[in-house]
Amino acid sequence: MQLLEKLKKLGHKNTGIRDFCIQTIRFKKFLENARSLLDLFEDGREKFTGEYIFDRHYVVSLIDSVVEQLGMMVYDASVLAPDRGEELYAAYDRHKLAAANLIESNGSRPNAGPSESLAADRDDPEYQLLSDALMWFNGKNAAAHTTVMELMKKIFFFVIQSLESPGSPERQALSEKSTVLAADKDFYLIDLWKDALALPETQRSVSDFNSVPLRHLLMDVDETGGKAKGHFQKSGAWVAAASEYQLSLNTLNPDFQFRLETLASGYEPSDFIFIFADSSTNLDTLLPKGFHVENSDYGRFAWNLDVSAKTIEDSLMIIGRNLFG
Amino acid sequence: MNEQPLKIMVIDDENIVGKRLKPALEKTGDIVEAFEEGETALARFAQEPFDIVVTDIRMEKIDGIEILERILAKSQRTKVIIITGYATVEIAREALSKGAFDFIAKPFKPSDLRQIIERASKELRS
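Worth saying up front: this structure is predicted, and the values here are computed from it rather than measured. Counting restarts for each chain: residues are numbered from 1 in the order of the written sequence. Chain labels run from A onward and ligand labels from 1 onward, assigned in the order the entries are written. Since the coordinates come from a predicted model, pLDDT governs what is reported: local features require at least 70, and pairs of side-chain atoms require 80 or more to be given and counted, while whole-chain, interface and lining totals use all residues. As a rule here, side-chain values cover all heavy atoms of the structure and leave hydrogens and water aside.

S.K.: How should I be thinking about the sheet that holds strand 2 (residues 238-242) of chain A in this particular structure?
M.R.: Within a beta sheet, neighbouring strands are joined by backbone hydrogen bonds and run either parallel or antiparallel to one another. Residue and element names in this part refer to chain A. Any two strands with at least two DSSP-identified bridges between them are counted as paired. A helix here means a DSSP run of H or I that spans at least four residues, while a strand means a run of E at least two residues long, and both kinds are numbered starting from the N terminus. Strands sit in the order 1-2-3-4-5-7-6 across an open sheet of seven strands; the sheet is mixed. Only two strands of the sheet have a single partner each, and these edge strands are strand 1 (187-191) and strand 6 (292-295). The mean inter-strand angle of the sheet, taken between neighbouring strand axes irrespective of direction, is 10°. Where strand 5 (residues 272-277) meets strand 7 (residues 300-305), six bridges bridge the pair, whose relative direction is antiparallel. Residue isoleucine 273 lies in a different strand from strand 7, and its bridge partner there is asparagine 304. Strands strand 1, strand 2, strand 3 (246-251), strand 4 (258-263), strand 5 and strand 7 of the sheet are contacted by helix 10 (residues 309-324), whose axis makes an angle of about 155° with strand 4. Working convention: axes come from line fits to C-alpha atoms, limited for helices to the stretch in contact. Angles between N-to-C directions cover 0 to 180 degrees. The contact rule is simple, with two residues in contact once any of their heavy atoms fall within 4.5 Å.

What follows is the structure in structure tokens.
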């Protein structure tokens, strides 16, 4: 996080805008760690199809990597939501123990497969260990709140709750600085890198803002648009924190939790769209096809990874239309 | 004209590798023998050379590099393919500099290994 440290030193200290920018940039790092975890789950699932030759070392490395990556998520979360740090580290310790027990068990637990369609040759201890690991990662039949995915959802919720806390000085700073209110739309508009270093002297227009994802989000929204419609009218003022390829969109309404994060750099392996919405939001009417949606006690999470630049751009246009069109 | 089946030796101290590779490689009619211990495999090789040896790099008693050296000392024509769980440039470079035909990183698909074996087979038959 050297870059964030530099921003902290160089940025102006007289407002919460710098800290807001740093939080947003750190949240992107947090999402990258979450994505790495999902990639590890996917890698394990792929190897479990029976098409691959792997050994115990692979499975143990996979479990170790999940523990390490989860630890990085917990660290980021404890920085973004310090009040939850103790609780998250306690949950993390339980998962470290679960991982150690899993490796110790050596795949000796019978009938623990994530799928009933396992072939007979999956009786090998390596397959059984991988099966148990997949169950621990995100098993649909696993005991409630024992999976890594469940902890990930909890971490996300704590972080988003903390970021969007109405009393946070970072968010209060937005409404206190009139120059960050867009001249042409009902948006608070933050340039993630420039505004962290110096506050804008005059109001800017969304249309003048050099941000690929923001441009696509609002592409089909007419000049007078920019106000949420339908269900999303309750959203209140929107905050768009953007850089050339990154966009973080959320609202200042304490009763409506919605957060969209995206990277649209054109480099497919790292581009993504992530959305969190509270339980009252119907994502089915908002999102185009292709999103993975996870429901939780906290709200709904949706993401689309490993997609082309065009898919990202098209998806943002549809979401923008559904939100503001 | 039918080609002679290849004689392939698989050496990996993880039982699952030989157990799953043997039937996968036998599908094309080749003769495959799997070993979990390097010494046993080398003793078998001393009785009768194999066309292709597929060996793990990291094993407890004898590692893959030593197997590579001892196989090539006995039979220059044998193609040795190294399996590695740690696909580092260093390991690949060392194995290749010592005469390995190629290497493949675990986890892998048998079809990926089959492609390497086909290339080795072409060289053997040229």
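S.K.: Just to check I follow, could you spell out the interface of chain A and chain B for this structure?
M.R.: Reports often express the size of an interface as the amount of accessible area lost when the parts come together. At the junction of the two partners, chain A supplies 14 residues and chain B supplies 12 residues. The quantity reported as buried area is the accessible area (1.4 Å probe) lost by two parts once they are put together, taken as the sum for both. Summing both partners gives a buried area of about 1,400 Å² for chain A against chain B, and 56% of it is carried by carbon and sulfur. Among the residues chain A hides against chain B, the three largest losses belong to Ile53, Asp55 and Asp124 of chain A. Together they make up 45% of the total. Salt bridges are counted wherever a side-chain nitrogen of Lys or Arg sits within 4 Å of a carboxyl oxygen of Asp or Glu. Seen at the junction of chain A and chain B, the total is three salt bridges. The term polar contact refers here to a pair of N or O atoms within 3.5 Å; inside protein, the definition further demands a hydrogen-donor-capable atom paired with an acceptor-capable atom, and it admits residues adjacent in sequence only when both atoms are side-chain atoms. Where chain A touches chain B, the interface holds six residue pairs in polar contact (both at pLDDT 80 or more). Looking at the side of chain A that touches chain B, the elements with two or more residues in it are helix 3 (56-80) and helix 5 (125-138) of chain A. When residues in the side of chain A that touches chain B are grouped by element, the largest group, three residues, is from helix 3 of chain A.

S.K.: Help me understand the side chain of glutamine 23 of chain A in this model?
M.R.: Residue and element names in this part refer to chain A. Structurally, glutamine 23 is set in helix 2 (residues 17-47). With a relative accessible area of 16%, glutamine 23 lands in the buried category. The contacts of glutamine 23, once residues within four sequence positions are left out, are Leu80, Leu163 and Glu170. In this scheme, a residue with accessible area under 20% of its type's maximum is buried, one over 50% is exposed, and one in between is partly exposed, where area comes from a 1.4 Å probe on protein chains only.

S.K.: Just checking my understanding: could you explain the sheet that holds strand 3 (residues 52-56) of chain B for this structure?
M.R.: Residues and elements named next belong to chain B. Spatially, five strands are ordered 2-1-3-4-5 in an open sheet, and the strand pairing comes out parallel. A single partner strand is all that each edge strand has here, and the edge strands are strand 2 (31-35) and strand 5 (102-105). Adjacent strand axes in the sheet meet at a mean angle of 20°, parallel and antiparallel pairs treated alike. For strand 3 and strand 4 (residues 79-84), the ladder comprises five bridges, and the chain directions are parallel. Pairing of aspartate 56 across the sheet is with isoleucine 83, part of strand 4. Across the sheet, helix 3 (residues 64-74) lies against strand 1 (7-11), strand 3 and strand 4, angled at about 175° from strand 4, the strand it touches most.

S.K.: Just to check I follow, could you spell out the packing of aromatic side chains for this structure?
M.R.: The description of an aromatic ring pair rests on the distance of the ring centres and on the angle between the ring planes. All names here are of chain A. To pair, rings of Phe, Tyr and Trp, with the six-membered ring standing in for Trp, must have centres within 6.5 Å; the planes then decide the type, stacked if under 30 degrees apart, edge-to-face if over 60, and tilted in the middle. Inspection of every chain in the model, using the stated rule, returns 22 aromatic pairs over all chains. With a centroid separation of 6.4 Å and an interplanar angle of 55°, the aromatic rings of phenylalanine 157 and phenylalanine 276 are classed as tilted. Pair noted here: phenylalanine 157 is in helix 6 (residues 148-163) and phenylalanine 276 is in strand 5, with a separation of 119 residues, a long-range link. Here the two residues phenylalanine 157 and phenylalanine 276 agree in accessibility, since each one is buried.

S.K.: Looking at this structure, I do not really get the pattern of salt bridges. What am I missing?
M.R.: Side chains that differ in sign of charge can pair as their charged atoms come close. Going through the model one piece at a time under the given rule, you end up with 36 salt bridges over all chains. Where arginine 70 of chain B meets glutamate 66 of chain B, a salt bridge forms, and the shortest distance between an N and an O atom there is 3.2 Å. Of this pair, arginine 70 of chain B and glutamate 66 of chain B both sit in helix 3, separated by four residues, roughly a single helical turn. Overall, the relative accessible area of 31% leaves arginine 70 of chain B in the partly exposed class. Where lysine 98 of chain B meets glutamate 94 of chain B, a salt bridge forms, and the shortest distance between an N and an O atom there is 3.4 Å. Overall, lysine 98 of chain B belongs to the partly exposed group, its relative accessible area being 34%. Judged by its relative accessible area of 36%, glutamate 94 of chain B is partly exposed. Taken together, the shared-partner salt bridges connect Asp55 of chain A together with Asp12, Asp56 and Lys106 of chain B into one network.

S.K.: Explanation requested: the pairing of strand 1 of chain B in the structure shown.
M.R.: Taken residue by residue, a regular strand's side chains alternate between the two faces of the sheet. Residue and element names in this part refer to chain B. Of all five residues in strand 1, five are buried; the element is thus mostly enclosed. Looking down the strands as they point away from the viewer, one classifies a crossover as right-handed if the path from the first strand across the helix to the second runs clockwise. Regarding the hand of the β-α-β motif, the stretch spanning strand 1, helix 1 (residues 15-26) and strand 2 is right-handed. Across four bridges, strand 1 lies against strand 3 in parallel orientation. Across the sheet, the residue bridging to isoleucine 11 is threonine 55, located in strand 3.

S.K.: So what exactly am I meant to see when it comes to the pairing of strand 1 of chain A here?
M.R.: A large share of strand 1 of chain A lies buried, amounting to five of its five residues. Residues Phe187, Leu189 and Asp191 of chain A point to one face of strand 1 of chain A and Tyr188 and Ile190 of chain A to the other, with burial holding for every one of them.

S.K.: Before we go on, may I ask you to explain the domain arrangement of chain A in this structure?
M.R.: Residues and elements named next belong to chain A. Each domain span listed reflects an automatic or database assignment of domains. You can read the domains of chain A as domain 1 (3-164) and domain 2 (177-324). With 31 residues of domain 1 at the contact, the number on the domain 2 side is 37 residues. Taken together, the two surfaces of domain 1 and domain 2 that pack against each other cover about 2,900 Å², and 71% of this comes from carbon and sulfur. For the interface between domain 1 and domain 2, the tally reads three salt bridges. The residue glutamate 294 makes a salt bridge to lysine 153 at a minimum N-O spacing of 2.9 Å. Connecting domain 1 to domain 2 are seven residue pairs in polar contact (both at pLDDT 80 or more).

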